[in-house]
Amino acid sequence: MMSPIGDKQPVLSAIGVWKHFGGTDVLKGINLTVDEGTVTCLLGPSGSGKTTFLRCINHLEVVNRGLIYVDGELVGYRRVGSHLQELPLKDIARNRAKIGMVFQRFNLFPHLTVLENVIEAPVGVLREPRSDAIAHAQQLLRSVGLLDRSDEYPNRLSGGQQQRVAIARALAMRPKLMLFDEPTSALDPELVGEVLDVMRDLARAGMTMLVVTHEIGFAREVADSVVFMDAGLVVESGPPSEVLTNPKHPRTRAFLSKVLA
Amino acid sequence: MTGELAPFADETLPAPSIDPEALPVQALGHPLRRAAGVIVLVVFALLVVSIATNKNFDFRVVGQFLFSEVILEGVVRTLSLTIMAMTLASLLALPLALSRLSESRILQSYASAYIWIFRGTPVLVQLIFWFNLALVFPSIGLGIPGTSLSFSVATNDVMSPFVTALVGLSLNEAAYMAEIVRGGLISVDAGQTEAALALGMTERRTVRRIVLPQAMRAILPPAGNELITCLKTTALVSIISYHELLGTTQGIYSVNYRTVELLVVASFWYLACTTLINVIQHFVETRFARGFVRIVPGPSLIRRVMTGWRLRQ
């Protein structure tokens, strides 16, 4: 997972990330790197901190200690001498613009049509000309198979279709890194496949992805690296052929035997 | 087991020879509802007769003043005062609501104190206070201490009855509108804000483009209520000698003593204005219902009247 010396820097590197809610430590020093063009799947029981860690990466949760670099830039803070200073909101927004995020509950904007959902941020944040943004959005909607639904409002779409639009919306910002937070957990079983297909295409096209998921089959097939988390710590990581087929840690073994049963 | 069940099923199932069409369903008669309907109709008829035959009530006076220039001027003053006060109140309400929702304790306290004071005292008391502002502050001015840069005017020159009414109504209404706006903002799912922030939108843009348009669905119905309340509250400013609709009618009946006839004239125009507000509200709500299912209740009376009107055209 660590890139060899002299290679280009990883898209994501997290160093000793700590996070607590009240008195509870949710993350206890997470170290993780994701190289360009690779797919990393984060597995682990619920409450292990996977989602919290994902939300720390784009500063939706404030990190209490540790550093997160995305595309070579420190997220949320700047180093001033020997301490970290929180960035102004405007700079945090600029950090986030490079990081796409797909939510468990889609979170499409219900008052905007499918096309308006996709062009809202490119036009409003990146200041792309509207016609360029529309052309890019149409290309993305075609690639997720929903170009013909461009003028519909989200409530007219199925869960799977909404999630595909949400992926297109995140891609419209031309992100350096895509975060997926259990993207298929809120879907009816027969709709899971269409979303995983889109994610598989995206991985094949070379997108750098970090995916929190319970879909072991997807992780086995698509991931370059699998990270198993438990109780706020990375327990085990490596290629899926090792971690999923031949887990070393008893916690990983116990989890996998439950999920695969 | 099947041997025991078979005769039981035979007993409960109707004989297949019965024709369902030979057994029509008869609706319940509701005799009490009909009786109540008749009683109300009789009472209403008696009321109409007693007014129509009352020698103390002169319909010609109503007709004489209903569309008279002086009354129509009062209507225009009432409407413009309402619209200006509500516009100012709404402009003040958004920052007040955002302050109450802000993470800053200072902003929270300021907004809460404002709402506490202006919602907690009668609007009539507030109006009389602004009317008598000159007793406490004989002049109003701006200046930088220690320099000669300053200007100042006499309070009574600025606080005309109209300005007093406008200030009093809008400051009071802002407190109510702020709570309505805050309710609308917190009704929008937190996931919407997160999705917008994750796309790199600033907080300001998130509120303006994502949260507020959705909050409007929750804001509009009570805001329509507030607009109607404000229109009727303008009647209070007649006591600080601003001649809106009620003040104008009072001026007339204090001379001709046709009090009830002129109150009927005023009521007609208040009803006409609130009806107009209802119609406008209906169309604005439809506009903000895009992308949401069933937010404006079914074919309303207004819609039916409007479609009928269109058909006749």
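Peer 1: I keep staring at helix H6 (residues 189-204) of chain A and nothing clicks. Help me out?
Peer 2: An α-helical segment advances 3.6 residues per turn. Residues three or four places apart therefore align on the same side. Residues and elements named next belong to chain A. Look at H6: 24 Å from first C-alpha to last across 16 residues, which is about the 22 Å you get at 1.5 Å a residue. When H6 is considered as a whole, its buried residues turn out to be Leu191, Val192, Val195, Leu196, Val198, Met199, Arg200, Leu202 and Ala203. On its buried face, H6 sits against strand E3 (39-43), helix H5 (159-171), strand E9 (177-181), strand E10 (209-212) and helix H7 (216-222). Following H6 by one or two positions, Gly206 has its phi on the positive side, about 95°.

Peer 1: Hey, could you run me through unusual backbone geometry in this one?
Peer 2: Most of the time, phi is negative for any residue but glycine, and the peptide bond is trans. Residue and element names in this part refer to chain B. You will see that His30, though not glycine, has its phi angle at about 55°, which is positive. By the secondary structure assignment, His30 is in the loop between helix H1 (2-12) and helix H2 (31-52). The partly exposed category is assigned to His30, whose relative accessible area is 32%. One non-glycine residue, Ser241, lies in the positive phi region at around 60°. Inspection of the secondary structure puts Ser241 in the loop between helix H11 (203-233) and helix H12 (245-256). Taking relative accessible area as the criterion, Ser241 reaches 40% and is therefore assigned partly exposed.

Peer 1: Could you clarify how one ought to interpret the sheet that holds strand E8 (residues 99-102) of chain A in this entry?
Peer 2: The strands making up a sheet are joined through hydrogen bonds of the backbone, oriented either antiparallel or parallel. All names here are of chain A. Here six strands make up an open sheet; going across it, the order is E8-E9-E10-E3-E11-E12 and the pairing mixed. Of all strands in the sheet, those bounded by a partner on one side alone are E8 and strand E12 (233-238). Mean inter-strand twist for the sheet, computed between neighbouring axes without regard to direction, equals 20°. In the sheet, E9 pairs with E10 via four bridges, with the strands oriented parallel. Pairing of Asp181 across the sheet is with Val212, part of E10.

Peer 1: In this structure, what is going on with the sheet that holds strand E4 (residues 65-70) of chain A? I would like to understand it.
Peer 2: All names here are of chain A. In space, the four strands of this open sheet follow the order E2-E1-E4-E5, with antiparallel pairing throughout. The open sheet has two edge strands, strand E2 (24-34) and strand E5 (73-74), and neither has a second partner. For E4 and E5, the ladder comprises two bridges, and the chain directions are antiparallel. Following the sheet pairing, Tyr69 is matched in E5 by Leu74.

Peer 1: What should I look at first to understand the packing of H11 of chain B against helix H13 (residues 259-288) of chain B in this one?
Peer 2: Residues and elements named next belong to chain B. One can describe the packing of H11 onto H13 by two numbers: an axis separation of 10 Å at closest approach and a directional angle of 175°. Comparing their axes, H13 and H11 come out roughly antiparallel. On H13, the residues that touch Pro213, Met216, Arg217, Leu220, Pro221, Gly224, Leu227, Ile228 and Leu231 of H11 are Tyr270, Cys273, Thr274, Ile277, Asn278, Gln281, Val284, Glu285 and Phe288.

Peer 1: Looking at this structure, how should I read the pairing of E2 of chain A?
Peer 2: The side chains of a regular strand alternate, first on one face of the sheet and then on the other. The sheet contact formed by strand E1 (residues 12-21) of chain A and E2 of chain A spans eight bridges and is antiparallel. If you follow Val17 of chain A over to E2 of chain A, its bridge partner there is Ile30 of chain A.

What counts as what
Here the residue index of a chain counts from 1 through its sequence in written order. Lettering of chains starts at A and numbering of ligands starts at 1, both following the order in which they are written. Restriction of local features to residues with pLDDT of at least 70 applies here, the model being predicted, together with a cutoff of 80 or more for giving and counting side-chain atom pairs; totals for whole chains, interfaces and linings are based on all residues. Working from all heavy atoms in the structure, the side-chain values ignore hydrogens and water. Put simply, DSSP marks the helices as runs of H or I at least four residues long and the strands as runs of E at least two long, and each gets a number from the N terminus on. Helix span, expected: 1.5 Å multiplied by one less than the number of residues in the helix. Partly exposed describes any residue whose relative accessible area lies between the buried limit of under 20% and the exposed limit of over 50%, with all areas from a 1.4 Å probe on protein chains only and scaled to the type maximum. We call two residues in contact when some of their heavy atoms are within 4.5 Å. The criterion for strand pairing is that DSSP finds at least two bridges linking the strands in question. The axes are straight lines fitted to the C-alpha atoms, using for helices just the contacting stretch, and the angles between their N-to-C directions are given from 0 to 180°. Should an angle lie under 35 degrees it is considered roughly parallel, over 145 roughly antiparallel, and from 65 to 115 roughly perpendicular; all remaining angles are considered oblique.

Any functional reading would require information beyond the geometric quantities listed.
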